[in-house]
Amino acid sequence: MAASTTTPPSTATFWADADRHLVRYGGEFTHEIIDRAAGSFLYTADGRKILDFTSGQMSAILGHSHPEIVATVQRQVATLDHLYSGMLSRPVVDLARRLAGTLPAPLEKALLLTTGAESNEAAIRMAKLVTGRHEIVSLARSWHGMTQAAASATYSAGRKGYGPGAPGNFAIPVPNAYRPDFTTADGSLDWHRQLDFAFDLIDAQSTGSLAACLVEPILSSGGIIEPPAGYFAALQAKCRERGMLLILDEAQTGLCRTGTWYAFERDGVVPDILTLSKTLGAGLPLAAVVTSAEIEQEAHERGFLFFTTHVADPLVAAVGNTVLDVLIDEKLDERAHSLGAFLRHGLADIAGRHEVVGDIRGRGMLAGLELVVDRETKQSSDELGARVTRRCFELGLHMNIVQLPGMGGVFRIAPPLTATEDELSLALTMLDTAIGDACAGL
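The model shown is predicted, which means the values in this text are computed figures rather than measured ones.

Student: Teacher, can you tell me more about the overall build of the protein chain here?
Tutor: Regarding its fold elements, the protein chain presents 14 helices and 15 strands. On C-alpha atoms alone, the protein chain measures out to a radius of gyration of 22 Å, which is about the 22 Å that the 2.2 N^0.38 rule sets for 442 residues. Viewed in the frame of its principal axes, the protein chain has a C-alpha envelope of about 65 × 60 × 45 Å. Every one of the 442 residues in the protein chain was classed for burial, and the buried ones make up 54%. Sequence-distant contacts, at least 24 apart, represent 73% of the contacts inside the protein chain between residues at least 6 apart.

This is the structure:
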């Protein structure tokens, strides 16, 4: 066995070790060694300061190393970190009760897990058991996770080469106002007709075993696409007509990021099952499935089983309680709303200076900026997106771009809710410069 060392290896040795020993799990690694992070910034081993405009993996809504999170982890890990999965602790029950307090009735029963994929897996499993059916409907360009059932409901990436997914999974078209497929007389998106058409196809393909519809209120990996107001109420009606449950995946939109506690509040709907992850742990591995007492009772009576190693762990549950404390004490829903307006105004200014900005969308502190080479045809360019991303990073801004067939490069912009206006202004300035430099190089 190799001996450990207290002296960090050289940069060359670090990358040699990475190349030799790490499995590559999605694209190339960013070629910087990240040494530490604080607030809205990352710091590299060679002293570079990078503004983090993705909140880590769209998760660190309180920024990095938030002092209250640090204090909670230090205190909790020294007293109670992990338990046998059948045991309970006060942080777990407190978090379940407090989550219910942030949600409308009848959502009041929570299952605490670790990742978004795991929470969607549990939600799908519960829906299948309760309905006695197995077919799942999701939006094309969705991302719900990389475990079996979640991956089978994911259509934005990762479907080819792994053999068959779970049987009975169907995709319906995304209501994309910028690139509409069904249009009204004035050329705008006719989502009513699109949704009717989608479920005509679902009914034609279904074997009569429709269990649930699993969707994101704002598709993130799908390009920050926000379905129009009224869409989710109509979707829920389609589900009710067929005896399906509606599952909303608020991994990235939940807990104040969009300017309200939950994105579904805009639409006046209440899902049958809600899944949370990323933002709930503010960067630590914490997720939840929340449902009604009626559904939970039915699942329990039918023998619902989701026994995992880290279900109901006290350490991350304590962190979740601290996340709720900070969100409430600092009124971060209101802050996300006001900072989101500031961010949107800055992005609009950039669009006014650069013809390659085709569309700006999103809500609160989750924004999307789509790059095109021609605003009229909306022609996309992978090269342009890569150039802007690379130049942003050179300037000290970490941005994430989503490249999807038939779409332009879409920047997913998700700063911490604790970011300042000065930090947002700095990021907007660097993005503006990067777009200008990238276009000059084409």
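Student: Looking at this structure, how should I read the sheet that holds strand β3 (residues 49-52)?
Tutor: Sheet strands associate in pairs through backbone hydrogen bonding, adopting either a parallel or an antiparallel arrangement. The four strands are arranged β1-β2-β3-β13 in an open sheet whose pairing can be described as mixed. Across the chains shown, the open sheet's two edge strands, defined by having one partner strand only, are β1 (34-38) and β13 (397-398). Inspection of the sheet shows strand β2 (residues 41-44) paired to β3 by three bridges, in the antiparallel sense. For leucine 42, the partnering residue across the bridge sits in β3 and is isoleucine 50. Against the sheet, helix α14 (residues 421-440) contacts β2, β3 and β13, and its axis sits at roughly 100 degrees relative to β3.

Student: What am I meant to see in the pairing of strand β15 (residues 409-413) here?
Tutor: Two faces, one strand: in a regular strand the side chains alternate between the faces of the sheet. Within β15, five of the five residues are buried, which leaves the element mostly enclosed by the surrounding structure. Alternating positions in β15 separate into two faces, Gly409, Phe411 and Ile413 on one and Val410 and Arg412 on the other, with burial throughout. When strand β14 (residues 400-403) meets β15, the two strands line up antiparallel, connected through four bridges. In the strand pairing of β15, isoleucine 401 is matched with phenylalanine 411.

Student: What am I meant to see in the sheet that holds β15 here?
Tutor: Pairing within the open sheet is antiparallel, and its four strands lie in the order β11-β12-β15-β14. The sheet is open, and its two borders are formed by β11 (357-363) and β14, each paired with just one other strand. On average, each strand axis in the sheet is inclined to that of its neighbour by 25 degrees, with strand direction left out of account. In this structure, β11 lies alongside strand β12 (residues 366-371), joined through six bridges in antiparallel fashion.

Student: Honestly, the environment of aspartate 52 in this entry has me stumped. Any pointers?
Tutor: Assignment of secondary structure puts aspartate 52 in strand β3. Sequence separation between aspartate 52 and glutamate 32 is 20 residues; the distance between their C-alpha atoms is 14 Å. If near-sequence neighbours (up to four positions away) are discounted, aspartate 52 is found in contact with Ser40, Phe41, Leu42, His64, His398, Pro415 and Pro416. Among the polar contacts made by the side chain of aspartate 52, one reaches the main-chain amide nitrogen of glycine 56 at a distance of 2.8 Å.

Student: Can you walk me through a nonpolar patch on the surface in this structure?
Tutor: There is a patch of nonpolar side chains on the surface, built from Tyr84, Met87, Leu305 and Phe307 and spanning about 480 Å² of accessible area. Take leucine 305: it is sitting in the loop between α10 (293-301) and α11 (314-329). The class for leucine 305 is exposed, based on a relative accessible area of 52%.

Student: Mind showing me how you'd approach the packing of aromatic side chains here?
Tutor: Here a ring pair, both rings aromatic, is described through the centre-centre distance and the interplanar angle of the planes. Considering all chains together, one arrives at eight aromatic pairs under this definition. An angle of 70 degrees between the planes, with centres 5.4 Å apart, marks the rings of tyrosine 25 and phenylalanine 29 as edge-to-face. Among the residues examined, tyrosine 25 registers a relative accessible area of 71% and is labelled exposed. Judged by relative accessible area, which is 33%, phenylalanine 29 ranks as partly exposed. The rings of Trp191, Tyr231 and Phe232 are connected pair by pair, giving a single aromatic cluster.

Student: I keep staring at the side chain of serine 221 and nothing clicks. Help me out?
Tutor: The residue serine 221 is located in the loop between β7 (210-215) and α8 (231-242) in this model. Engagement of the side chain of serine 221 in a polar contact is seen with the side chain of arginine 412, the distance being 3.3 Å. Look past the residues within four positions of serine 221 in its chain and what remains in contact with it is Arg141, Trp143, Ser156, Val402, Leu404 and Arg412.

Student: I would appreciate a short explanation of the layout of surface pockets in the present structure.
Tutor: The probe, sized like a water molecule, is rolled over the atoms to show the empty space still left. Space inside the second largest pocket adds up to approximately 650 Å³. Forming the walls of the second largest pocket are 24 residues, and the residues nearest its centre are Ala110, Leu111, Glu296, Phe304 and Val311. Only α4 (90-101), β4 (107-113), β10 (287-292) and α10 provide two or more residues apiece to the lining of the second largest pocket. With five residues, the top contributor of residues to the lining of the second largest pocket is β4.

Student: It is not clear to me how the packing of helix α3 (residues 67-77) against α11 should be interpreted in this structure. Could you clarify?
Tutor: Helix-helix packing is characterised by the crossing angle of the two axes and by the distance between the axes. Close contact between α3 and α11 brings their axes to 9 Å; oriented N to C, the two are set at 150 degrees. Of the possible angle classes, the one that applies to α3 and α11 is roughly antiparallel. Regarding α3 and α11, the two cross each other, and that crossing is right-handed. Here α3 contributes Glu68, Ile69, Thr72, Val73, Gln76 and Val77 to the contact with α11, which in turn contributes Pro314, Leu315, Ala318, Val319, Thr322, Val323 and Val326. Taken together, the residues that form the contact of α3 with α11 break down as nine nonpolar, three polar and one charged.

Student: Looking at this model, I keep getting lost on the pattern of salt bridges. Mind explaining?
Tutor: Opposite charge on two side chains makes pairing possible when the charged atoms of those side chains draw close. Enumeration according to the criterion identifies 21 salt bridges in this entry. For the salt bridge of aspartate 196 with lysine 238, the shortest nitrogen-to-oxygen distance reads 2.6 Å. With aspartate 196 in helix α7 (residues 191-205) and lysine 238 in helix α8, the pair connects residues that are 42 residues apart, well separated along the chain. A salt bridge links arginine 391 to aspartate 437; the shortest N-O distance between them is 2.9 Å.

About the cut-offs
Residues numbered from 1 in each chain as written. Predicted model: local features only at pLDDT ≥ 70, side-chain atom pairs only at ≥ 80, totals over all residues. Heavy atoms only, no water. Helix = DSSP H or I, 4+ residues; strand = E, 2+ residues; numbered from the N terminus. Rg over C-alpha atoms; globule rule 2.2 N^0.38 Å. Buried < 20%, exposed > 50% of the residue type's maximum accessible area, 1.4 Å probe, protein only. Contact = heavy atoms within 4.5 Å. Pairing = 2+ DSSP bridges. Axes fitted to C-alpha atoms, helices over the stretch in contact; angles between N-to-C directions. Polar contact = N/O pair within 3.5 Å; in protein donor to acceptor, adjacent residues only side chain to side chain. Patch = residues over 30% accessible without salt bridge, like charges linked within 9 Å, V, L, I, M, F, W, Y side chains within 5 Å. Areas by Shrake-Rupley, 256 points an atom, 1.4 Å probe, with all protein chains shown as cover. Salt bridge = Lys/Arg side-chain N within 4 Å of Asp/Glu carboxyl O. Phe/Tyr/Trp six-rings, centres within 6.5 Å; stacked < 30°, edge-to-face > 60°. 1 Å grid on protein atoms, 1.4 Å probe; cavity = no way out; pocket = protein on both sides within 12 Å on 5 of 7 lines; lining within 4 Å. Points joined across faces, edges and corners; volume = space filled by probe spheres on them. Parallel < 35°, antiparallel > 145°, perpendicular 65-115°, else oblique. Left-handed = near helix turned anticlockwise from the far one by under 90°. Nonpolar A, V, L, I, M, F, W, Y, C, P; charged D, E, K, R; others polar.

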